[in-house]
Amino acid sequence: QVQLVESGGGLVQAGGSLRLSCAASGRTFSSVAMGWFRQVPGKEREFVAAINYNGAYIRYADSVKGRFSISRDNAKNTVDLQMNSLKPEDTALYYCNGNQNYYKMWTMTAFASWGQGTQVTVSS
């Protein structure tokens, strides 16, 4: 199992920005799709963004399109999420995860395991 460590969350005012980072261990990082998900207590995890193994393809949830940007650095085994124009409804625990199949990133979220996540809280 790939080890995942999310960081960069915090408390920010509406309209502000945060940059989340996900550090992943594993020799196969450069060959798997990576993505970001978020979860609010009492609700299921929600797909946020995904990027294929080489960064050529990117997909966003409609709720964050135009505000968030996903990127990856295969040399560092990291995937980042730049979040701009944050809204209170973006408040959630953010997780990263990966899959061999890029298309599964937004079609299913039943991953085997998750990291600790990083909390993003946006005040109004």
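In case you missed it, the structure is sitting above this.
Residue numbering note: each chain is counted from 1, following its sequence as written. Local features in this predicted model are restricted to residues whose pLDDT is 70 or higher, and side-chain atom pairs enter the listing and the counts only when it is 80 or higher, whereas totals over whole chains, interfaces and linings include all residues. Hydrogens and water molecules were not included; the side-chain quantities draw on all heavy atoms of the structure.

Chemist: Please clarify how the sheet that holds strand S6 (residues 58–60) should be interpreted in this entry.
Modeler: Paired through their backbone hydrogen bonds, the strands of a sheet run either parallel or antiparallel. Read from one edge of the open sheet, 6 strands run S2-S10-S9-S4-S5-S6, paired in mixed fashion. Since the sheet does not close on itself, it has two edges, and those belong to strand S2 (10–13) and S6, each with one partner. For this sheet, the mean inter-axis angle between neighbouring strands, taken without regard to orientation, is 25°. If DSSP finds at least two bridges between two strands, the strands pair. Under the scheme used here, helices are H or I runs from DSSP no shorter than 4 residues and strands are E runs no shorter than 2 residues, and both carry numbers assigned from the N terminus. A fitted line through C-alpha atoms serves as each axis, taken over the contacting stretch for helices, and the angle formed by two N-to-C directions is quoted from 0 to 180°.

Chemist: Honestly, the nonpolar core in this entry has me stumped. Any pointers?
Modeler: By size, the foremost hydrophobic cluster in this structure holds 34 residues, and its most contacted members are Trp 36, Leu 81, Met 83 and Tyr 94. Those elements giving two or more residues to this core turn out to be strand S3 (18–24), strand S4 (33–39), strand S5 (46–51), strand S7 (68–73), strand S8 (78–83), strand S9 (92–99) and strand S10 (118–123). Counting residues per element, this core draws most heavily on S5, which supplies 5 residues. A contact between two residues is defined here by any heavy atoms of the two lying within 4.5 Å. If sequence neighbours within four positions are ignored, Met 83 has contacts with Gly 16, Ser 17, Leu 18, Leu 20, Arg 67, Phe 68, Tyr 94 and Val 120. Here, nonpolar core refers to any group of buried Ala, Val, Leu, Ile, Met, Phe, Trp, Tyr and Cys residues whose side-chain atoms link them within 4.5 Å. Only protein chains enter the accessibility calculation, which uses a 1.4 Å probe. A residue is then buried if its area is under 20% of the maximum for its type, exposed if over 50%, and partly exposed in between.

Chemist: Looking at this model, I keep getting lost on the environment of Asn 54. Mind explaining?
Modeler: Looking at where Asn 54 falls in the secondary structure, it is placed in the loop between S5 and S6. Accessibility expressed as a relative area gives 43% for Asn 54, which makes it partly exposed. Between the C-alpha atoms of Asn 54 and Asn 97, which are 43 residues apart in sequence, the distance is 16 Å. Whenever two N or O atoms come within 3.5 Å, that pair is a polar contact, provided that in protein one can donate a hydrogen and the other can accept it, and provided that, for residues adjacent in sequence, both atoms are side-chain atoms. Only 2.9 Å separates the side chain of Asn 54 from the side chain of Asn 52, close enough to count as a polar contact. Here Ala 56 takes part through its backbone nitrogen, which lies 3.0 Å from a polar atom of the side chain of Asn 54.

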